[in-house]
Amino acid sequence: MKKILSCLFCFCISISLLCAAPILASSVPDQAQRVFDDAGLFSSTEIAELEEEIRNFQKETDMDFAVVTASDLGGESTQAYADNFYDDHGFGTGSDYSGALFLIDMENRLPHISTTGEAIRHLTDSRLESILDGCYGDLSDGSYANAALYVIRESLQYYLAGIPSDQYNYDTETGEISPYQEPFQLPSGRVILIFALISFAVGGVFCASVFRKYQMDMFRYEYPFRQKGKLFLREKEDTFLRKSVSKSRIQRDTSSSGGSRGGGSRSSTHTSRSGRTHGGRTGKRF
């Protein structure tokens, strides 16, 4: 009996560890290059600092981030260049390629932040505008590395603040609205493992006490259900008496459409050349 319970307990622990493993694992982005200074705005020391800041962002958010400078966009708009650079270089984490890219466009002297996946939800239009306004001074002064550091750090702070409960994505090309729905949060792997071990221990003690009390042989024992089983039937009748229906008119507010909803928690989206959905914002000329 002790051998059987021991084997059962070991089996349950193994299953618990297998179930918890995917939760404990995280899709941390690789440590490849994330700063592309094609316009030659950063020193080697500044590039190293930016790369370190991005690694911290990746660790804290499990999303990606890149910083790009460019003096020639090859005929593309600032927005299109940022989106396509992100897609073409394989940035992003997870199936939705979550992450963001900060572009300093020296051809048009415009800053732009492109967002993808979960980053679209976190970095709403108003949050992006606030970030871009905050880095404008550094850009105007030529402190381009400080501007990029500010964008990374502020993006992290908005991630830590969480997605606004009334956030929604608004597709500027189709007018489709996608409200944010808070996902079901699974407990951490450690919590699941602890509760699993406790439940298996309690169950093992209960089973052991039952076996000991009734001295059962779990492979040969058969319960005499014909002799000990009883069946009682009671007659029950439901009588339908009447049905009552009331109607009232619901007044609908038609003064505003979904696309013109309050912009505080809106994330405007569009489709890039690759077919992916991006959010983003372009700042004012510096």
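Residues numbered from 1 in each chain as written. Predicted model: local features only at pLDDT ≥ 70, side-chain atom pairs only at ≥ 80, totals over all residues. Heavy atoms only, no water.

Phi at Tyr97 is positive, roughly 55°, even though this residue is not glycine. Residue placement: Tyr97 occurs in the loop between α3 (78-88) and β3 (99-105). With a phi close to 55°, Arg109 is a non-glycine residue in the positive phi region. Structurally, the position occupied by Arg109 is in the loop between β3 and β4 (110-116). (Helix = DSSP H or I, 4+ residues; strand = E, 2+ residues; numbered from the N terminus.)

This part covers helix α6 (residues 144-161). Between the first and last C-alpha of α6 there are 26 Å, a value that for 18 residues agrees with the 26 Å anticipated at 1.5 Å per step. Packing partners of the buried residues in α6 comprise α2 (44-61), β2 (64-70), β3, β4, α4 (118-122) and α5 (125-141). One or two residues past the end of α6 sits Gly162, with phi positive at roughly 90°. (Expected span 1.5 Å × (residues − 1). Contact = heavy atoms within 4.5 Å.)

If you walk through the whole model with that rule in mind, you get seven aromatic pairs. Ring geometry for Phe36 against Phe85: centres 5.3 Å apart, planes inclined by 70°, an arrangement best described as edge-to-face. Remark: Phe85 occurs in helix α3 and Phe36 occurs in strand β1 (residues 35-37); sequence separation between them is 49 residues. The exposure classification of Phe36 matches that of Phe85, with both residues buried. (Phe/Tyr/Trp six-rings, centres within 6.5 Å; stacked < 30°, edge-to-face > 60°. Buried < 20%, exposed > 50% of the residue type's maximum accessible area, 1.4 Å probe, protein only.)

A few words now on the packing of α2 against α6. Relative orientation and spacing of two packed helices are given, respectively, by the angle between their axes and the distance between those axes. At a minimum axis distance of 10 Å, the contact between α2 and α6 shows a crossing angle of 5°. Classed by the angle they form, the pair α2 and α6 counts as roughly parallel. Within the contact between the two elements, α2 uses Glu46, Glu49, Leu50, Glu53, Ile54, Asn56, Phe57, Glu60 and Thr61 and α6 uses Ala145, Ala148, Leu149, Ile152, Arg153, Ser155, Leu156 and Tyr159. Residues of the contact of α2 with α6, tallied by class, amount to nine nonpolar, three polar and five charged. (Axes fitted to C-alpha atoms, helices over the stretch in contact; angles between N-to-C directions. Parallel < 35°, antiparallel > 145°, perpendicular 65-115°, else oblique. Nonpolar A, V, L, I, M, F, W, Y, C, P; charged D, E, K, R; others polar.)

For the rest of this paragraph, the subject is the pairing of strand β7 (residues 266-271). Counting buried positions along β7 gives five out of six residues, so the element sits mostly inside the fold. Examined bridge by bridge, strand β5 (residues 168-171) and β7 share four bridges and lie parallel to one another. Looking across to β7, one finds that Asn169 is bridged to Ser267. Where β7 and strand β8 (residues 277-282) come together, three bridges link them in antiparallel fashion. Within β8, the position partnered with His270 by the bridge is His278. (Pairing = 2+ DSSP bridges.)

Between α5 and α6, the shortest axis-to-axis distance is 8 Å and the interhelical angle comes to 155°. The angle between the axes of α5 and α6 places the two elements in the roughly antiparallel class. As α5 runs across α6, the sense of the crossing is right-handed. Across the interface between the two elements, Arg127, Ser130, Ile131, Gly134, Cys135, Asp138 and Leu139 of α5 pack against Tyr144, Asn146, Ala147, Tyr150, Val151, Glu154, Ser155, Tyr158 and Ala161 of α6. For the contact of α5 with α6, a count of residues per class yields nine nonpolar, four polar and three charged. (Left-handed = near helix turned anticlockwise from the far one by under 90°.)

Turning next to the nonpolar core. Among the nonpolar cores identified, the biggest contains 31 residues, and Phe42, Phe65, Val67, Phe102 and Ile104 are the most heavily contacted of them. Looking at this core, the elements with two or more residues in it are α2, β2, β3, α5 and α6. Other than its neighbours up to four places away in sequence, Phe65 contacts Arg34, Ile54, Phe57, Ala100, Phe102, Val151, Ile152 and Ser155. Membership of the second largest hydrophobic core comes to twelve residues, among which are Phe36, Leu73, Phe85 and Leu103. (Core = buried A, V, L, I, M, F, W, Y, C linked by side-chain atoms within 4.5 Å.)

So, on to the sheet that holds β7. Spatially, β1-β2-β3-β4-β8-β7-β5-β6 is the arrangement adopted by the eight strands of the open sheet, whose pairing is mixed. With partners counted over all chains shown, the strands left at the sheet margins are β1 and β6 (177-179), one partner each. Recorded for the sheet is a direction-independent mean angle of 25° between the axes of neighbouring strands. With three bridges connecting them, β1 and β2 associate as parallel partners. Bridge pairing in β2 links Val35 to Val67. Contacts from α6 reach β2, β3 and β4 within the one sheet, and its direction differs from that of β2 by about 155°.

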